[in-house]
Amino acid sequence: MFTFKKSVTAIAVAASLGMAMPVLAANSTSNIVGTIAAQDYTKYTVVASEPATGYSREISVNSDGSYRFSQLPTGTYDIKVMKDGAVVGQDKVRVKLGSNSTSDFDFLSASTEVIEVTGARVSAIDVSTTDSGLVIGEIELDRMPVARDITSVALLAPGTIKGDSGFGNVASFGGSSVAENSCYINGLEVTDTRQGLGCGSVPFEFYKEFQVKTGGMSAQFGRTTGGVVNAVTKSGTNEWEFSATATWSPDSLREEGRISRGDGGTGKVFRDTTRDEYDKKDFSISAAGPIIEDTLFIYALVNPRQVKDNFAYANGTRRITDVDEFRERDSSGGDNLFWAGKLDWQISDNHRLSYFAYSNRSDTTEEIYDYDANTGEISVGESGEPEINLRKRGGEAQSLSYTGYLTDDLTLTAMAGRIETQYTTEKPGADPNCPSVNDTRDVPNPYEGCGQGGSVGEDYDENTQYRLDLEYVLGDHTITAGLDIQKRESTNITEPVGGHSWTYTTLQNTGTIQGIPFTNNTGAPLDYVSDRIFVGGGGFSSDLNAYYIEDNWQITDNLLLSIGLRKDKFEGAGITGKTLYDFDTDVAPRLGFSWDVNGDGNTKVFGTFGTYYLPVANNTIYRAASGVSDVTTHYTFTGADASGQPTGIAPITGDLASSQSVTSVSTIPQKDIFVAQEADPFAKDEYILGWEQAVNDEFSYSVRGIYREVTSALDDYCGEFAYPYCLLVSPGDSATSYKDGFYYYGYGDPRNYRDFDLYDGEPDPGSLTTIPAEDIGLPEGVNEYTAIQTKFDYRTDNFRMSFQYTWSRSVGNFEGAVKSDIVQADAGVTQDFDFPALMDGAYGYQANDRRHAFKMFGSYDINDDWTFGFNAYLMSGRPLSTFGRGYPDDNPDIYGSYGDTFYIYTGQCPDTNGDGECQQSEKIYNFTPKGSAGRTPWLFNVDASLTYNFSVSGVDMKASLNVFNVLNNQEITNTNEHYEISEGTVSQWYGAAYDWQSPRSVRLGFEARF
C-alpha cells in the first residue's frame, strides 16, 4: 500500500476554524469535489461518509474521472474510493461553509492501486472559488476576544467597518451604507425587514460557522448592495452531548466613559457617558444527540439572560438636544428567555429534512428619570415617580428545509420559513396631557415637558420566505438555478403622546423658516415654537421575487469560469392594498474566473464582475402609503404652562395655512402618482481583480482591487413639481407621472393650476406630465468606492494569525439607503435629493470613508491547556461636514420645507434696494461642501483573551477572560455636524461629540461539556 502522510494537524485545525480561506465558494453550499486518474473510470465509485451522524452516500465517477458530493452539511468526512467492491483509496476532508473541499486520487502513478491520506486535508488557497470574504467557525471565535454578535464577526473581514452607533450595532461593507446588507441563518434570511438595519440572531452558543461575503457574490444572492453574513447552526450527532455556558460582563470592571460640551468644549454638557452602567449575565444550557440513531437528530438550547443597561439620554431631535434624561433598562425574567432548536431527519442517504426555530424576544422595562448633566443630579418629575416604558423587541423564526440527491448529478434543495419581529414601545403610565417638549434656545431656564412625550402604537414585521434551488453537473459544467420568493408585511401605527410635539427655537434677525414664507425682519432675534404632528399608519407589504441561473464551467484543469444571471421583481402596496411601486429589474450579470496559474494550487489569479439591486425598504412604504400625516405649524408665543406647552400662540405669518409646512398627507397615492416612469431600482456594479499566493504550508497572502459604483440611484423628490406627494425618481433623470388634485401643469408666471378632487390618491385624467431633468434640478446620484485590500495568513502548530490592510476611498453625493452624517435611518427616503438645494455641495467624501484600516487577529496556544487570543484594529478618522439651515435661493422648486444645506448664513444682509427689508438675494453665505470640516481622530483598539482548558471527573471545562479595549482608548467616533439650528442661529452643540469608542470592559466565561 502506498501511503502519503503529512503533518497537517495544526493546518487542519486552523482551516477548520476559518483562518485558511481568504475567498469563498461561488455559492453558499458546501461540497466535496475531486478527480481520479485511472485506466477505466467505469470500475470506480466514491463513498462519502460522516461518522458523527452515520451519513453515507455512494456515487459513480464521471467519464472524465471527476466526482462531486454537493449540498453537504459542514463537518469532517471520510472519502473511500471503491473498485470492484474493495477500498482502493481513502481520504479525510473537512467541509466548511460555502467551500469546495478537494480530494484527488492518482492511481496511474502509484505503485499499487491503494492510496491512503491521513489527516483532514486542507489547502491555503481554494482555486475553485471566485468570491471574496471570510469563513470562520465558533471554535476559533472562542479562542479570540470577539463580542458575541453577528456584527463583531463581520468586522473581522477585509473591507468592513463599524457603522454609526446611532443606527445600532451594524457594519458597513465596501463603502455601502449600513442598511444595504443581508443576513442568513440556515438559509433563512433574518435581515431587518423594515429598514435593513441589523439582523435577527440566535443565542451565540448555537452558531457553528460564519461565512462573511464582502464581494463577488454569486447569482444565488441578491437584494443587497453591501455584503452578506451567512451562518449555520449546530446539529445533533449520534452521541449525546450536553453543555452549560455562562458569561458575565460586570459593570464593576468597566471603565468610566466621557463627557462632551457645547461652545467648543467650554459650555454645558451635551453628551455624558460617565454615569453609564452595563451589566450582562448570559447563560445557556444545550442538549444534542440522536432521537433515532443514524436517522433523527436534535439540538436544543435555552439561553436565559439578565441585562441592566443604564445611561444618559437626549429626549429630542438628535442634532439640537442635549442629554436631559437618565434611563434604566432591565431585561430579565421569562420574557427574555432566548431559545433555539434544530431537528435533522436523515430520511435516507438521498433525502434530508431539517426544521429550525428560535426566539430572541426581549421585553425590557425602562424607567425614565430627569437628569441634569451639568450637576449630575438624577430626579423624578412632578409625579414623584419615574416614567415607565415597556420595550418589546425581537421575535420568533422557523424554517423547514429539504435536500434531495435525485441522481448522482442532480440535487434539489427547498426551504420555507417565516420570521416575526416586533419594535413596539408601550407607555403604560404616560400622561396624555404631556406631549413632547424640546427647547433648543440658549436661555437660562428652558421650558421642560411634564412627561416623556414621544409616540405610541403597534409596530411589528412579518417575513414569509420560499426558496427552491437545483444543481446539475453536466461534464465540466455545474449548473445551478433557483427561485427566491419573499413577502414582507409590516404594521406601524403611530400617534404623538399628548397630541403634539413642541420645539422652541430662536430665529436671528433676517433669518427665514424653511417651508413657509417668513423672514424675521423685526430687527432682533425672535423666539418661536413649532408643533410637529406626525400621526397615522397601518399595515403595508412588499413582494420580492427572483430567479437565477449560474454555470460554473471548468474550462481546463487550471481555469474556472463562473457565469450567472439573476432577475428580481420588487412590488409594494400601502394599507389600501393598491400597488405603490412595481420594479422589474434588468437581468443582473454575475461573472467570475479563477486561474490556477501553475496548476499546483499555490498561485491563483481571480476576478469578478456583478450587478446588484437593492429592494425598496418597507420603511419607504410606511412613509408614503400608510396614511401618515406629517404637518409642522410655526407660532409666536407669550409663555408656557406647567406642561411645557406654549401659551398665547399665534400663526407666525398671521395666517394658519401659510404658517404650516406639509411633509406628507394622509391620502395614499397610487403607483402612477408616486413613481416616475423613468425611475429604476437602486443598483450597484462591482469589479474585483485579485491574486492569492501560498508561500508554504504556513504562510499565504492575497491582494485584490475593488471598485464599486452606483449605476442607478432611487430616492424621493419632494419639491414643487412633486406636490402634494413626494415622487420616487432616479436623480438626474426626467420625471413623468400623473398628478392628484392641486398640481402644477405648466411653466411660466403666473403658474397654471387646476383642481380635481383634492388628494384622493387617484391619478387625475389627462394630468400625465413630464418634468425635464434640468427643471427638477437634481444631480445624478454618484456613489463610488475604490479599495486595495491585502491579507496575510500565518499558521503553525500553535499559532494562527491574520493581518489585513485596506486602503479605500468612498466618495459621492449620497451615502446610500441611510444617511450617517445626520443619523437618518429612513431607509430609501432620506433628505438626500428631496430638494435641489440639499444636493448643492453634497459631493465629497462619504461619512463611512475611513481611508486606512489595519486589522490583526488570531490566537496562540501557550501549551495544551492555555490559549492567548488577540484582536486589534487601527483606522483613520471619518470626514466631517458643516450643515446649515438656509440657502441663497428661496424658490420653493429649489429649497423646500426642511433639510440640511451646505450653506452657513453669515448674518450680513445689507438693505441694498432701500426698501427697509432684507432680500434673499442680498444675504451672504459661507459655502461648506460635504466632508470639508476635517476628520475625526484615528481609532486604535486592542482586545485580548486568555482561555484555560481543563477537566474535572471526565467533564471537559473551559474558563476564559476577555478584555476589550485593553488600552482604554476613547477617541471620538462622530460629532454633531449641525452648525445652525435655524438660519443664522449657531448651535451651541456644533462639534460636540455624540459617541466615543467603548471604554475598557471585561467578559468572564465558563463552559462545561459532557
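Numbering of residues begins from 1 in every chain and follows the order in which that chain's sequence is written. Predicted model: local features are reported for residues with pLDDT of at least 70 only, side-chain atom pairs are reported and counted for 80 or more only, and whole-chain, interface and lining totals are derived from all residues. Side-chain measures here rest on the full set of heavy atoms in the structure, leaving out hydrogens and waters.

Some remarks on the overall build of the chain
Secondary structure elements follow DSSP: runs of H or I of four or more residues count as helices, runs of E of two or more count as strands, with numbering from the N terminus. From N to C terminus, the chain includes seven helices and 68 strands. Relative to the globule expectation of 30 Å for 1010 residues, the C-alpha radius of gyration of the chain, 30 Å, shows essentially globular dimensions. It only takes one pair of heavy atoms within 4.5 Å for two residues to be counted as in contact. Expressed as a percentage of contacts within the chain between residues at least 6 apart in sequence, the contacts between residues at least 24 apart total 72%. Computed with a 1.4 Å probe, the accessible areas rest on the Shrake-Rupley method; for each residue, only the protein chains presented here act as cover. Carbon together with sulfur atoms contributes 52% to the accessible area of the chain, which is approximately 37,900 Å² in total. In summary, the charge assignment counts Lys and Arg as positive and Asp and Glu as negative, without counting His or the chain termini. Note on charges: their place is set at NZ of Lys, CZ of Arg, CG of Asp or CD of Glu. For the chain, the distance from the average position of its 77 positive side-chain charges to the average position of its 141 negative side-chain charges is 5 Å. We compute the radius of gyration over the C-alpha atoms and compare it with the globule rule, which gives 2.2 Å times the number of residues raised to the power 0.38.

Quick look at helix H4 (residues 618–625)
Among the eight residues in H4, eight count as buried, and that is most of the element. The classification of residues rests on relative accessible area computed with a 1.4 Å probe and restricted to protein chains. Under 20% of the type maximum is buried, over 50% is exposed, and intermediate values are partly exposed. Every buried residue belonging to H4 is among Asn-618, Asn-619, Thr-620, Ile-621, Tyr-622, Arg-623, Ala-624 and Ala-625, and all of these are buried. A positive backbone phi angle near 75 degrees is found at Gly-627, which sits one or two residues after H4.

Overview of the pairing of strand S7 (residues 75–83)
Most of S7 is tucked away, with seven of its nine residues classed as buried. A pair of strands is treated as paired once DSSP finds two or more bridges between them. Judged from the six bridges that link them, strand S4 (residues 44–50) and S7 form a sheet pairing that is antiparallel. Bridge pairing in S7 links Ser-49 to Asp-78. Note: S7 against strand S8 (residues 86–95), nine bridges, orientation antiparallel. Opposite Thr-76, over in S8, you have Arg-94 as the bridge partner.

Looking at the environment of Gly-175
Mapped onto the elements of the fold, Gly-175 is located in the loop between strand S14 (171–173) and strand S15 (182–185). The spatial distance from the C-alpha of Gly-175 to the C-alpha of Ala-847 is 9.4 Å, given a sequence separation of 672 residues. For Gly-175, the residues in contact, after removing those within four places along its chain, are Tyr-785, Ser-810 and Asn-848.

Remarks on the pairing of strand S36 (residues 501–507)
In terms of residue burial, S36 counts as a mostly covered element, since six of its seven residues are buried. Two strands pair when backbone bridges link them, and strand S32 (residues 436–439) and S36 are joined in this way by four bridges, in the parallel orientation. In the sheet register, Asp-439 faces S36, and the bridge partner there is Tyr-504.

So, the packing of aromatic side chains
Aromatic rings from Phe, Tyr and Trp, taking only the six-membered ring of Trp, are treated as a pair when their centres fall within 6.5 Å; an angle between ring planes under 30 degrees marks them as stacked, one over 60 as edge-to-face, and anything in between as tilted. For the structure on display, the rule yields 44 aromatic pairs. Consider the rings of Phe-311 and Tyr-313, whose centres lie 6.4 Å apart with planes at 70 degrees: the pair is edge-to-face. Accessibility expressed as a relative area gives 14% for Phe-311, which makes it buried. Overall, Tyr-313 belongs to the partly exposed group, its relative accessible area being 31%. Where Tyr-903 meets Phe-927, the ring centres are 5.0 Å apart and the plane angle is 35 degrees; that geometry is what we call tilted. Taken as a pair, Tyr-903 in strand S60 (residues 903–905) and Phe-927 in strand S61 (residues 925–927) lie far apart in primary sequence, 24 residues in all. Under the relative-accessibility criterion, Phe-927 is labelled partly exposed at 42%.

Details of a negative patch on the surface
Taken together, the side chains of Asp-370, Asp-372, Glu-377 and Glu-448 define an acidic patch exposed on the protein surface. Topologically, Asp-372 is positioned in strand S27 (residues 362–372). By definition, no residue in a patch forms a salt bridge, and every one has over 30% relative accessible area; like charges are joined within 9 Å, nonpolar side chains (Val, Leu, Ile, Met, Phe, Trp, Tyr) within 5 Å. For this document, the term salt bridge refers to a Lys or Arg side-chain nitrogen within 4 Å of an Asp or Glu carboxyl oxygen.

Structural notes on empty space enclosed by the protein
Computed over the protein atoms alone on a 1 Å grid, cavities are sets of points where a 1.4 Å probe fits but cannot get out and pockets are open sets with protein on both sides within 12 Å along at least five of seven lines; a residue lines them when it has an atom within 4 Å of a point. Grid points are joined across faces, edges and corners, and a volume is the space filled by probe spheres set on the points. Inspection of every chain in the model, using the stated rule, returns eleven cavities of 30 Å³ or more. Size it by volume and the largest cavity reaches roughly 290 Å³. Taken together, 27 residues form the lining of the largest cavity, with Ala-179, Leu-614, Pro-615, Val-616 and Ala-617 sitting closest to its centre. Taken together, the residues of the lining of the largest cavity sort by class into eleven nonpolar, nine polar and seven charged. Volume-wise, the second largest cavity comes out at about 220 Å³. What lines the second largest cavity is a set of 19 residues, and nearest its centre among them are Asp-142, Arg-148, Thr-247, Ser-960 and Arg-1003. If you list the elements that add at least two residues to the lining of the second largest cavity, you get helix H2 (138–143), strand S19 (241–249), strand S63 (955–964) and strand S68 (1001–1009). Broken down by element, the lining of the second largest cavity gets its largest block of residues, five residues, from S68. For the lining of the second largest cavity, a count of residues per class yields eight nonpolar, five polar and six charged. Three classes are used: nonpolar for Ala, Val, Leu, Ile, Met, Phe, Trp, Tyr, Cys and Pro, charged for Asp, Glu, Lys and Arg, and polar for all others, with Gly counted as polar.

Details of the nonpolar core
Residues Tyr-581 and Phe-583 are the most contacted members of the largest nonpolar core, which totals 53 residues. Going through the elements one at a time, strand S37 (526–554), strand S39 (579–584), strand S41 (603–614), H4, strand S47 (682–694) and strand S50 (727–729) are the ones with two or more residues in this core. Looking at this core element by element, the count peaks at four residues for H4. When sequence neighbours within four positions are dropped, the list of residues in contact with Tyr-581 reads Ser-542, Phe-570, Glu-571, Gly-572, Val-616, Ile-621, Lys-671 and Val-675. As used in this record, nonpolar core signifies buried Ala, Val, Leu, Ile, Met, Phe, Trp, Tyr and Cys residues forming a set joined through side-chain atoms within 4.5 Å. Counting 34 residues, the second-largest nonpolar core is a separate cluster that includes Ile-150, Phe-206, Leu-301 and Ile-419.

Observations concerning the pattern of salt bridges
Under the definition given, this model contains 55 salt bridges. A salt bridge links Lys-819 to Asp-832; the nearest nitrogen and oxygen atoms lie 3.1 Å apart. Taken together, the residues span a long stretch of sequence, with Lys-819 in the loop between strand S56 (799–812) and helix H7 (836–839) and Asp-832 in the loop between S56 and H7 at a distance of 13 residues. Each member of the pair Lys-819 and Asp-832 is classed as buried. Members of the salt-bridge network, linked through shared partners, are Glu-138, Asp-142, Glu-205, Lys-234, Lys-958, Glu-1007 and Arg-1009.

A closer look at unusual backbone geometry
For Asn-186, which is not a glycine, the phi torsion comes out positive at approximately 50 degrees. You can see Asn-186 is positioned in the loop between S15 and strand S16 (188–189). Classification of Asn-186 by relative accessible area gives buried; the value is 16%.

Overview of the side chain of Asp-900
Mapping Asp-900 onto the fold places it in the loop between strand S59 (866–875) and S60. Two N or O atoms count as a polar contact when they lie within 3.5 Å, although within protein this holds only if one can serve as hydrogen donor and the other as acceptor, and sequence-adjacent residues are included solely when both atoms are side-chain atoms. There is a polar contact of 3.0 Å between the side chain of Asp-900 and the side chain of Arg-885.

Details of the state of the cysteines
Here, two cysteine sulfur atoms that lie within 2.5 Å of each other are counted as a disulfide. Evaluation of the coordinates by the stated rule reveals three disulfides. Across the disulfide, Cys-183 is cross-linked to Cys-199 (sulfur-sulfur distance 1.7 Å). Taken together, the positions of Cys-183 in strand S15 and Cys-199 in the loop between S16 and strand S17 (207–215) put the pair 16 residues apart, joining distant regions of the chain. Judged by its relative accessible area of 4%, Cys-183 is buried.

Topic: the environment of Gly-844
Of note, Gly-844 is situated in strand S57 (residues 844–845). For the pair Gly-844 and Asp-865, spaced 21 residues apart in sequence, the C-alpha separation works out to 52 Å. Sequence-distant contacts of Gly-844, defined by excluding residues within four places in its chain, comprise Ser-810, Val-811, Gly-812 and Lys-930.

Focus on a nonpolar patch on the surface
A contiguous nonpolar patch, built from Trp-248, Leu-253, Tyr-860, Ile-862, Trp-866, Phe-868, Leu-946, Leu-961 and Leu-1004 and spanning about 740 Å² of accessible area, is present on the exposed surface. Here Leu-961 lies in strand S63.

Let's talk about the confidence of the model for the chain
By definition, pLDDT measures how confident the predictor is in each residue, and it falls between 0 and 100. Per-residue pLDDT for the chain averages 88, and the proportion of residues at 70 or more is 92%. Mean pLDDT across the secondary structure elements of the chain bottoms out at strand S1 (residues 2–4), with 31, and peaks at S59, with 98. Within the model, pLDDT remains below 50 along residues 1–27, and this stretch shows 105 contacts once partners closer than five positions in the same chain are excluded. Below a pLDDT of 50 lies the segment residues 117–121, which in the model reaches 21 contacts outside its immediate sequence neighbourhood of four places, other chains included.

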